[in-house]
Amino acid sequence: MEEPLPEEFDIILIGTGLTESVLSGAFSRIGKSVLHIDQNKFYGGNWASFNIKDFDEFIASGGIVEINRKEFDPVALVTEDETFIPVSSQRQLIKEGSLICNLRKNKVTTASPKDVEQNQVPSPKPTSDNDDTTGSQEDQSLPTKIPDNSAPKPNAETIETNESLPIAEVTEDDNKSCGENVGDNDAETKTEEPPFPVAMKDEVKQTYKFPSFDEFYDQWRRFNVDLAPKVMFSRGKLVELLIQSNVSRYLEFRNVSRTLTLLSGQDYLQPVPCSRADVFSSKFVTVIEKRILMRVLTLCANYEAHPEEYEEFEDRLFLEFLCSKRLSEKAQQFILHSIAMVKETSTTIEGLKATKKFLQSLGRYGNSAFLWPMYGVGELPQAFSRLSAVFGGTFCLRRNAVGLVLNTESGKCTAIIDSQGQKIKCKHLIVDESNVPDSYRCEFASSVSRAVYVTDKSVLASDKEHVSLITLPPDGSRGSVRVIEAGPQCCVCPSKYHLVHALLSSAPNNDNQVCNPREKFKEVEQILFAGHADAEVPQGGDAESTDDAKPHILWSSYFDMMEDGVTRDALPSNLYVARGPGMELGFDKTMGEARELFERICPDDEFLPRAPDPEEIVFDDEGYNTESNGARVEESPEDGAGADYVDDAEDLREVEDGDDAPGQVDHVTRIDQSQNVFIDFAKFKNLNEFYKSCQDDGFDC
Amino acid sequence: MEITKLLLAANSDYSSMWNYRKNAFLHLKTLKNEDEMKSMFDNELQFIESCLRNNPKSYGCWHHRCFVMLHMMKPNWERELQLCDLFLQFDERNFHCWDYRRFVTNHSNVPHEKEIEVTNKIIASNFSNYSSWHYRSKLLPQVYPDPTDSKRIEEKKLLEELELVQNAFFTDPNDQSAWFYHRWLLGRGDKEQYIVSLIVNRSPPSVFCCLRKPVKMFNGTLSVDDTTQTVDWTSSMSERYSHLWFCKLEDGFKKGQQHTVSCEVESSKLSCCLEENCQKATVCLPINREMFQDHTSQAKLSVLEDELNSCNELNDLEPGNKWVMLTLVLLMRAVSPKQHSEKISTMLDALTEIDSQRKRYYLDLRSKYAIEDCIVETNLNENRLNISGMKLTQICHLELVPTLTHLNISHNCLQNLTVPFANLFCLEVLEANDNKITNISGLKDVPNLKSINLDSNDISDVKQFEYLKTCRCLEKLSIRSNPVCESEKQFPTTFLLHFQ
């Protein structure tokens with residue numbers, strides 16, 4: 001059926017998450033033979049980004065993959081001195097997944113029939129018994145409510161269509177389509193191609209500013225929904241690694257251009273002044289606060305040099321330290337939650353370290369401390385996978401290991417048996433958490449509750465599009481919530497939409513708390529959006545939904561990402577388990593882990609040295625020679641950062657220029673052209689002769 | 001052309017080569033048709049751009065670009081503006097580019113409001129940028145002019161600007177560009193011109209006129225007994241702008257007759273009566289505080305007081321910041337010098353400690369304030385000024401008091417008298433004893449100086465006294481307790497002989 005793989009590899013990696021991909025690239029780069037397999041049909045594992053359809057599908061499946069497994073007895077492949085350890089392929093990556101689409105007419109798309117029944121996710125469900133009244137009320141209020149919101153533009157045409165739209169008919173249509181949808185659910189979970197009567201389609205298109213369900217799903221390809229949204233510290237390990245390894249050439253980034261927060265007692269977001277320029281232009285803090293804030297930030301940026309300033313607080317809370325600096329409460333919250341991003345219980349040293357890290361990243365690429373990868377975080381593992389493939393790594397999707405083979409004597413893992421019944425030997429095996437044999441698992445470790453929203457506008461209106469990092473400090477029983485919002489300029493959603501990710505660390509084994517992720521984000525929705533994602537808007541919610549400044553939720557999804565617990569001590573010495581994305585904001589832990597694993601396996605090799613650009617690869621008789629052209633390598637300074645840094649910065653700038661002012665796109669390209677012209681001059685070989693002839697002619701050179 | 005192109009590509013600062021190209025273009029323009037020239041100019045612009053990419057601060061490049069743009073038939077100003085945006089992104093403080101931007105906006109009539117927006121943006125991204133603050137100070141008075149003074153901005157806008165700049169210096173009080181802009185906002189307005197004093201000499205018939213603010217050319221109307229005279233005013237100061245102007249009267253004054261001389265400029269008029277049997281007459285207006293306030297003085301008092309308060313707050317937060325303190329001093333002087341005199345003095349003392357590299361500057365500033373206070377409190381019509389015992393380190397404002405006959409600068413900390421005293425036409429007695437004077441070069445050509453007391457100073461070089469040769473009326477010079485007296489035993493006799 002499928003082509004058999006080679007019999008033996010230096011390294012086998014299972015799972016194409018970021019850690020594994022980085023390692024895959026690193027091992028291929030130094031010439032190790034690498035097999036990289038993934039049970040999914042996509043790259044990235046827990047780190048993947050999906051378009052809307054694939055996302056729907058993924059959520060519906062709960063992350064469980066049906067592998068087209070050959071029937072065979074793996075144990076038969078094992079010799080006498082070997083032990084077979086099975087790996088169960090049915091790990092659930094996500095739990096409690098649900099999807100809601102608020103768009104008109106067919107508002108309901110459901111994940112798995114199981115979920116629908118458990119959570120009553122699809123709101124307007126006139127067929128259900130107990131919710132019938134509220135449900136149908138909603139149905140009627142929705143079509144009337146939304147034209148109201150768009151009323152400020154009394155367009156004759158619009159009004160006409162609205163008037164000619166009999167509500168009764170709408171409800172009827174709704175009933176019909178919902179009924180069909182439910183029928184669909186019964187048969188098979190099917191999210192794409194919702195059944196619309198042709199006549200209704202026309203009607204929908206003519207209505208209001210919100211896109212119709214069709215219009216939304218027609219653009220399914222243009223969404224990139226992350227499973228693990230994270231931002232990169234501009235001076236974090238990942239950025240350094242991208243530069244160092246030249247993997248950055250596969251990627252484009254945008255600045256996370258603003259940091260927002262919610263101050264306690266307020267119900268609106270406000271920008272956090274982080275940089276000097278922010279502090280200067282912030283309208284939310286008084287000049288006095290500005291001065292103190294600047295003083296504290298300046299101190300934090302170089303705190304080691306001033307031990308006298310924090311010594312007495314060394315063992316005390318960071319909050320106390322901030323308090324002692326006469327910072328206003330507002331400014332304290334800014335630093336604690338949005339700049340240091342530490343807990344209220346963090347010590348002064350932790351806080352200072354975190355603040356310093358933030359400040360060091362600030363300003364490297366524009367007025368921001370963070371970068372966001374265009375097309376979503378899923379691009380990152382793919383970029384490293386590409387590097388691995390370029391350097392000869394073998395990749396195989398939709399394949400996993402049904403078990404590992406251990407040498408009984410040494411206890412080492414000598415091979416895997418893949419889902420095609422092939423036994424593939426390896427010197428080292430690296431797996432992600434979901435591919436760990438059950439025997440090495442401990443009980444479930446933790447999970448991250450996630451919500452993803454597609455909205456009609458940004459959470460905080462601005463004259464230009466931003467990538468926003470929003471921290472909602474803990475409030476009452478709710479823990480700290482991290483929100484990342486990105487727009488079409490990041491190529492994560494089509495124009496006129498915004499994509500919002502929300503993350504909440506959910507404590508395990510805490511039964512008395514709300515478990516359903518949708519419930520957990522209710523409060524967050526109240527803060528960020530107009531109305532709720534589901535149709536069960538409480539009666540008082542009407543006032544909120546008329547608040548036009550806040551975005552409306554057009555589509556939303558909730559799920560819990562599982563993090564499996566692994567007893568790492570019990571692992572065979574050449575089996576390594578890479579951690580999942582977790583709650584970390586950046587990538588430093590992941591990168592640290594990747595480097596550590598690499599150094600354990602290849603202590604004498606360089607971790608991801610700079611990969612040559614394609615034009616530097618010289619082909620010779622023996623195929624291609626990956627040694628990069630010497631002169632070029634020497635060109636870059638010793639530390640490598642300087643030159644690459646500039647290249648990178650230029651890349652970034654071009655991306656930004658292009659979108660900020662359309663007129664400048666041509667301009668940028670034009671400059672580049674003229675630069676090429678200039679380089680031609682510089683290359684002119686007879687320049688010296690020219691000087692000479694000029695001197696002969698009496699010019700003074 | 002190709003040769004110059006190569007040379008300039010290698011070194012774009014070679015202005016002769018640019019000029020050579022300019023000539024070539026001017027010549028080609030007479031030969032080629034419009035389309036050919038257009039493509040040549042377009043290529044040239046691209047070439048300049050490539051040079052600028054290499055050397056964005058080349059005078060030659062930017063200048064040549066202006067030349068090309070001016071000679072093009074249909075210059076594309078829009079594109080040039082974008083070029084400026086781009087280069088300012090690379091380096092927001094590239095003043096060449098700012099200059100070129102002004103050139104472009106002037107020629108393409110970009111509305112000033114739009115340009116203010118540009119400065120807004122650039123300042124918001126980094127306010128340590130004097131270029132953009134400066135550009136702002138040029139644009140604002142054109143968009144929001146003060147109805148009474150075209151060089152200033154209307155009050156509402158002024159308050160907004162003050163708030164903006166306050167944000168800047170509260171964010172970073174060490175950033176001087178914000179402080180300089182702050183100073184511009186508060187001061188440096190156009191003062192009304194008026195005549196401070198008149199000196200009339202019977203013989204030779206002449207008039208000295210002292211003006212409040214220095215001018216390049218003075219064309220005041222002079223009349224004697226209500227008859228307008230045709231006179232040539234000449235400056236009696238060496239600077240380009242002069243406070244003091246001098247003229248000879250063709251007809252002269254009749255002997256033993258009383259004359260009324262009056263001088264008029266703008267809306268100010270001053271008259272002086274030359275009595276029958278007097279050789280000379282002087283008149284001066286009392287000099288008030290306003291006279292001396294140059295920075296931070298044009299804004300309304302309430303505005304100044306607000307600024308003073310916020311600076312005081314900043315000073316509490318950030319003790320020992322020199323910019324804050326200096327601004328405080330200036331503001332206190334502007335608001336109420338008398339009320340704040342003690343604080344000004346302690347603050348200046350502190351500044352000499354904090355910013356010891358500019359110690360002399362602060363000491364001189366204090367001397368200046370002391371002299372100003374003294375001048376304001378003295379009735380100048382008595383023609384005497386006593387500024388002794390004030391720890392002065394410099395003498396200033398002499399140009400405003402040309403009518404003095406007696407000047408006492410003794411018991412100070414003066415180290416030299418290099419400021420010219422020559423404009424003190426009437427000065428007869430100068431008491432400069434008990435200082436640390438080593439140099440007296442300023443005492444040249446003081447026409448009526450009769451007596452100088454230089455006792456207890458630090459003059460050690462006989463040659464210093466050569467300057468006094470030019471004071472023709474000098475009768476008495478006292479130089480006791482100077483180093484020179486010990487080293488040059490024979491000196492007193494020989495030197496005094498010279499005067500006799």
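Model, not experiment: these values are computed from the prediction.

Participant: Please set out the overall build of chain A residue by residue, giving values where relevant.
Facilitator: Within chain A, the secondary structure is distributed over 24 helices and 23 strands. By the burial criterion, 54% of the 701 residues in chain A qualify as buried. Pairs at least 24 residues apart make up 73% of the contacts formed inside chain A by residues separated by at least 6 positions. Counting only carbon and sulfur atoms, one obtains 48% of the accessible surface of chain A, whose full area is about 31100 Å².

Participant: Could you give an account of the overall build of chain B, with specific residues and numbers?
Facilitator: Helix and strand counts for chain B stand at 16 helices and 16 strands. A burial count over chain B gives 53% of its 500 residues as buried. Long-range contacts, defined as pairs at least 24 residues apart, comprise 56% of the intrachain contacts of chain B with a sequence gap of at least 6. Total accessible area on chain B stands at roughly 23900 Å², and carbon and sulfur atoms take up 47% of it.

Participant: Describe the sheet that holds strand β11 (residues 370-373) of chain A, listing the residues and the values that go with them.
Facilitator: Residue and element names in this part refer to chain A. On the basis of which strands lie adjacent, the open sheet formed by three strands has the order β7-β11-β8 and antiparallel pairing. Looking at which strands have only one partner, the edges of the open sheet turn out to be β7 (232-233) and β8 (253-255). As paired elements, β7 and β11 share two bridges and run antiparallel to each other. In the sheet register, Met232 faces β11, and the bridge partner there is Leu371.

Participant: Before we move on, can you summarise the confidence of the model for chain B with the specific residues and values?
Facilitator: Residue and element names in this part refer to chain B. On average, chain B scores 82 in pLDDT, and the residues at 70 or more come to 95%. Ranking the elements of chain B by mean pLDDT puts helix α16 (residues 491-499) last, at 47, and strand β13 (residues 406-408) first, at 92. For this predicted complex, the interface confidence score (ipTM) comes to 0.70, while the overall pTM stands at 0.70.

Participant: Please set out the sheet that holds strand β6 (residues 227-229) of chain B residue by residue, giving values where relevant.
Facilitator: All names here are of chain B. Strand order across the open sheet formed by four strands is β6-β5-β9-β10, with antiparallel pairing between neighbours. The outermost strands of the open sheet, each flanked by one partner alone, are β6 and β10 (268-274). Between one strand axis and the next, the sheet turns through 25 degrees on average, direction left out of account. Of the pairings in the sheet, the one linking strand β9 (residues 259-265) to β10 comprises seven bridges and is antiparallel in character. Looking across to β10, one finds that Val265 is bridged to Ser268.

Participant: Which residues make up the nonpolar core, and what values do they have?
Facilitator: Counting residues in each nonpolar core, the largest one holds 198 residues, and the members touching the most others are Phe55, Trp372 and Trp555 of chain A. Broken down by element, this core gets its largest block of residues, eleven residues, from helix α12 (residues 322-335) of chain B. Membership of the second largest hydrophobic core comes to 51 residues, among which are Leu380, Ile387, Leu392 and Leu430 of chain B.

Participant: Account for helix α20 (residues 588-601) of chain A, naming residues and giving values.
Facilitator: Here α20 of chain A contains 14 residues, and its C-alpha end-to-end distance of 20 Å stays within 8% of the 20 Å for a straight helix at 1.5 Å per residue. Next to the buried residues of α20 of chain A lie β1 (8-14), α1 (18-29), α9 (237-245), α15 (348-361), β15 (423-432) and β21 (575-578) of chain A.

Participant: Talk me through the packing of helix α11 (residues 301-317) of chain B against α12 of chain B; I want residue IDs and the actual numbers.
Facilitator: All names here are of chain B. Running from N to C, α11 and α12 cross one another at 150 degrees; their axes reach a closest spacing of 9 Å. Considering the angle they form, α11 stands roughly antiparallel to α12. α11 and α12 meet at a crossing whose hand is left-handed. When α11 is examined against α12, the residues Leu301, Leu304, Glu305, Glu307, Leu308, Cys311, Asn312, Leu314 and Asn315 are found in contact with a partner set consisting of Val324, Met325, Thr327, Leu328, Leu331, Met332, Ala334 and Val335. A breakdown of the residues in the contact of α11 with α12 according to their chemical character gives twelve nonpolar, three polar and two charged.

Participant: Go over the pattern of salt bridges with me, naming the residues and quoting the values.
Facilitator: All names here are of chain B. Counted according to the given criterion, the structure contains 40 salt bridges over all chains. Note that Asp91 and Lys57 form a salt bridge whose closest N and O atoms lie 3.5 Å from each other. Remark: Lys57 occurs in the loop between α3 (34-54) and α4 (59-71) and Asp91 occurs in the loop between α5 (77-90) and α6 (95-108); sequence separation between them is 34 residues. Assessed through its relative accessible area of 41%, Lys57 is described here as partly exposed. One network of salt bridges, in which partners are shared, links Glu49, Arg65, Arg79 and Glu80.

Participant: An account of helix α8 (residues 130-143) of chain B is needed here, citing residue identities and associated values.
Facilitator: Residues and elements named next belong to chain B. Given a rise of 1.5 Å per residue, 14 residues ought to cover 20 Å, and the 20 Å separating the end C-alpha atoms of α8 matches this to within 8%. The buried fraction of α8 is high, at ten of 14 residues. When α8 is considered as a whole, its buried residues turn out to be Ser131, Ser132, Trp133, Tyr135, Arg136, Ser137, Leu139, Leu140, Pro141 and Val143. If you check the start of α8, you find a side-chain oxygen 3.1 Å away from the backbone N of Ser131, and it comes from Asn129.

Participant: Give me the lowdown on the packing of aromatic side chains, citing residues and values where you can.
Facilitator: In the structure shown here, the tally under the stated rule is 44 aromatic pairs over all chains. For the ring pair Trp133 of chain B and Tyr181 of chain B, a centre distance of 4.6 Å and an interplane angle of 35 degrees mean the geometry is tilted. Taken together, the residues span a long stretch of sequence, with Trp133 of chain B in helix α8 and Tyr181 of chain B in helix α10 (residues 176-186) at a distance of 48 residues. Neither Trp133 of chain B nor Tyr181 of chain B differs from the other in exposure class; each is buried. Among the aromatic residues, ring-to-ring pairing joins Phe42, Phe50, Phe55, Phe58, Phe213, Phe216, Tyr217, Phe223, Tyr497, Trp555 and Phe559 of chain A into one connected group. If you follow Arg276 of chain A out to its NZ or CZ, it ends over the ring of Phe127 of chain B, 4.2 Å from the centre.

Participant: Any chance you could break down the environment of Pro271 of chain A for me, citing the residues and the numbers?
Facilitator: Mapped onto the secondary structure, Pro271 of chain A falls in strand β10 (residues 269-271). Residues in contact with Pro271 of chain A, not counting those within four places in the same chain, are Thr259, Leu260, Phe284, Phe334 and Leu460 of chain A.

Participant: Describe the packing of α3 of chain B against α4 of chain B, naming the residues involved and giving the relevant values.
Facilitator: All names here are of chain B. Orientation of α3 relative to α4, taken along the N-to-C sense of each, is 165 degrees, at an axis distance of 10 Å. Regarding the angle of α3 to α4, the classification is roughly antiparallel. Crossing geometry of α3 relative to α4 is assigned as left-handed. Counting all contacts with α3, which are made through Phe41, Glu44, Leu45, Ile48, Glu49, Cys51 and Leu52, the residues of α4 involved are Cys61, Trp62, His64, Arg65, Val68, Met69 and His71. Considering only residue class, the contact of α3 with α4 consists of nine nonpolar, two polar and three charged.

Participant: If you had to explain a negative patch on the surface to someone new, which residues and values would you point to?
Facilitator: Together, Glu308, Glu311, Glu312, Glu314 and Asp315 of chain A make up a negatively charged patch on the protein surface. Turning to its location among the elements, Glu311 of chain A is positioned in the loop between α12 (307-310) and α13 (318-324).

Participant: Outline the side chain of Thr393 of chain B, listing residues and values.
Facilitator: By the element assignment, Thr393 of chain B lies in the loop between β12 (384-386) and β13. Setting aside its immediate chain neighbours within four residues, Thr393 of chain B contacts Arg360, Leu363, Asp364, Ser367, Cys413 and Leu414 of chain B.

Participant: Describe the environment of Leu414 of chain B, listing the residues and the values that go with them.
Facilitator: Residue and element names in this part refer to chain B. The topology assignment puts Leu414 in the loop between β13 and β14 (429-431). Looking at Leu414, the relative accessible area reads 0%, which means it is buried. Counting along the chain gives 23 residues from Leu414 to Ile437, while the straight-line C-alpha distance between them is 5.8 Å. For Leu414, the contacting residues outside a window of four places in its chain are Leu392, Thr393, Gln394, Ile395, Ile409, Asn435, Lys436 and Ile437.

Participant: Could you give me a rundown of unusual backbone geometry, with the residues and numbers involved?
Facilitator: Despite not being glycine, Asn246 of chain A shows a phi value in the positive range, around 70 degrees. Mapped onto the fold, Asn246 of chain A is located in the loop between α9 and β8. Positive phi values are uncommon outside glycine, yet His397 of chain B reaches one of about 65 degrees. Locating His397 of chain B in the fold gives a position in the loop between β12 and β13.

Participant: Go over the pairing of β1 of chain A, please, and point to the residues and values.
Facilitator: All names here are of chain A. The buried fraction of β1 amounts to six of the seven residues, a majority that puts the element mostly inside the structure. Looking at chain direction, β1 and β15 are connected through six bridges and run parallel. Each residue of the ladder has a partner; that of Ile11, found in β15, is His428. Alignment of β1 against strand β2 (residues 34-38), held across four bridges, turns out to be parallel. Counterpart to Ile14 in the pairing with β2 is Ile37. Between the parallel pair β1 and β2, the chain is carried across by α1, and the sense of this crossover is right-handed.

Cut-offs and rules
- Residues numbered from 1 in each chain as written.
- Chains lettered and ligands numbered in written order.
- Predicted model: local features only at pLDDT ≥ 70, side-chain atom pairs only at ≥ 80, totals over all residues.
- Heavy atoms only, no water.
- Helix = DSSP H or I, 4+ residues; strand = E, 2+ residues; numbered from the N terminus.
- Buried < 20%, exposed > 50% of the residue type's maximum accessible area, 1.4 Å probe, protein only.
- Contact = heavy atoms within 4.5 Å.
- Areas by Shrake-Rupley, 256 points an atom, 1.4 Å probe, with all protein chains shown as cover.
- Pairing = 2+ DSSP bridges.
- pLDDT = per-residue confidence, 0-100.
- Axes fitted to C-alpha atoms, helices over the stretch in contact; angles between N-to-C directions.
- Core = buried A, V, L, I, M, F, W, Y, C linked by side-chain atoms within 4.5 Å.
- Expected span 1.5 Å × (residues − 1).
- Parallel < 35°, antiparallel > 145°, perpendicular 65-115°, else oblique.
- Left-handed = near helix turned anticlockwise from the far one by under 90°.
- Nonpolar A, V, L, I, M, F, W, Y, C, P; charged D, E, K, R; others polar.
- Salt bridge = Lys/Arg side-chain N within 4 Å of Asp/Glu carboxyl O.
- Polar contact = N/O pair within 3.5 Å; in protein donor to acceptor, adjacent residues only side chain to side chain.
- Phe/Tyr/Trp six-rings, centres within 6.5 Å; stacked < 30°, edge-to-face > 60°.
- Lys NZ or Arg CZ within 6 Å of the ring centre and 35° of its normal.
- Patch = residues over 30% accessible without salt bridge, like charges linked within 9 Å, V, L, I, M, F, W, Y side chains within 5 Å.
- Lys, Arg positive; Asp, Glu negative; His and termini not counted.
- Charge placed at Lys NZ, Arg CZ, Asp CG, Glu CD.
- Right-handed = clockwise from strand over helix to strand, strands pointing away.

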